[in-house]
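The primary structure of each chain is shown beneath.
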Amino acid sequence: MRRSFPLLAILFLVGCSVPDVRYKEDVPGPHPDPAGDEFVRYDGYADVAGTLETSVTTWKRAAGGPTIRLVGAIHIADASYYERVQTVLGESEVVLFEVIKPESMDIRDIDFTQGDMYGPLAEAIGLASQMQSIDYRRDNFRWLDMSAERFSARLQEIVQRATERLSKMFAGGSSAIDFGSALRQAPPAVRRAYAALALQSPRLAPEAEDPLAQVMAILLLPLQVEKAWYGVTSSEKAFEDKYKHAVAGGLGTEDPAAEIEAMRGQDPAVDVLIDAFEEFFTLILVERNQVVVDGLKALVESGDAPADVAVWYGAAHNPGISEGLRAMGYEREEEPDWIRAIAIRK
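What you see is a predicted model; the values in this text were computed from it and never measured.

Student: I tried to follow the overall build of the chain on my own but got confused; where do I start?
Tutor: If you tally the helices and strands in the chain, you get eleven helices and 13 strands. When contacts within the chain are restricted to residue pairs at least 6 apart in sequence, long-range pairs at least 24 apart make up 78% of them. Here the chain has roughly 14,700 Å² of accessible surface; of this, 50% comes from carbon and sulfur atoms.

Student: Would you mind showing me how to read helix 11 (residues 318-327) here?
Tutor: Every α-helix winds through 3.6 residues per turn, so residues three or four apart in the chain are directed the same way. Residues of helix 11 that are buried: N318, I321, S322, G324 and L325. Summarising the axial view, the buried residues of helix 11 lie within an arc of 155 degrees, below the 170-degree limit, and thus occupy one face. Seen from the buried face of helix 11, the exposed residues on the opposite side, beyond 90 degrees, are E323 and A327.

Student: Even after reading the chapter, I still don't get the pattern of salt bridges, so can you show me in this structure?
Tutor: A side chain with one charge may pair with a side chain of the opposite charge, provided their charged atoms come close. For the structure shown, the criterion picks out 21 salt bridges. A salt bridge links D308 to R69; the shortest N-O distance between them is 3.9 Å. Of the two residues, D308 sits in strand 11 (residues 308-314) while R69 sits in strand 6 (residues 67-73), which places them 239 residues apart along the sequence. Connected through salt bridges with shared partners, the residues R165, E261, R264 and D275 form a single ionic network.

Basis of the calculations
- Residues numbered from 1 in each chain as written.
- Predicted model: local features only at pLDDT ≥ 70, side-chain atom pairs only at ≥ 80, totals over all residues.
- Heavy atoms only, no water.
- Helix = DSSP H or I, 4+ residues; strand = E, 2+ residues; numbered from the N terminus.
- Contact = heavy atoms within 4.5 Å.
- Areas by Shrake-Rupley, 256 points an atom, 1.4 Å probe, with all protein chains shown as cover.
- Buried < 20%, exposed > 50% of the residue type's maximum accessible area, 1.4 Å probe, protein only.
- Arc of directions from axis to C-beta.
- Salt bridge = Lys/Arg side-chain N within 4 Å of Asp/Glu carboxyl O.

Structure (structure tokens):
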């Protein structure tokens, strides 16, 4: 199954050579059609930078119920993107949004400038962070996501299972190996796939032992070093634009798991990491999608549902959420409306 990662990110390409970009105004056409699907698309290609867009899709059902709009999110983007999205979300009676937080924590008590996994990444390449750009304290915003307690428990189950397998594998060796050290020693393709996945779950102040947060920290350092080098030898804009293109261009690629799946059978430790990746994927996308679908179903069947509901979730979630809407009798009513998320210009 092909799986879209709307923020494959910068880190998806760490360990590879990321070329400088060319700009469309300097490249004779014709240019290929945008890559993507009904929820996200990018018209850049090869080393030619372009514009990344996410969609707003409208869903209705013949049996009645609220109109539901899926507003696809990109977790780092141009500041103007979040300004436009904030306006769109303000048009809905209720906005259901994602963030993994403690069950009892009131969203109005959260300092979104602290513990934002995306902030350093966004700053490094001249973009804004979703968590710091959207006003989650508005009266029409309602939290709908997996709790931090449940997410952390499931995360640790996966890590513990993988660590136990690694421990048995290396029993009697000169040094012990755990999940974190195996990941740090893994081939670049494995680290890239985990980095892509790490960017799918907005979380506040993730725990230090969180392996996906560790991936982010490990891979940000070479990025910062490269930016400093560009500042001396070329320009920071050239650096920022090539990584914006890497972020946006990842949307049109094949499932990042395909590359590591092809490595199966070559190294027992890598096989453990590949298995764990599949479990992480199920947790971060599939299980959290079910939370959204269950919440929408309860809202629709409550008898006092609002007339208009927006779902503000990462665009990678929308294929799964839309399947849940269709199972509830909903159909997409109109062609998508597109919002410019990242525009890379000369």
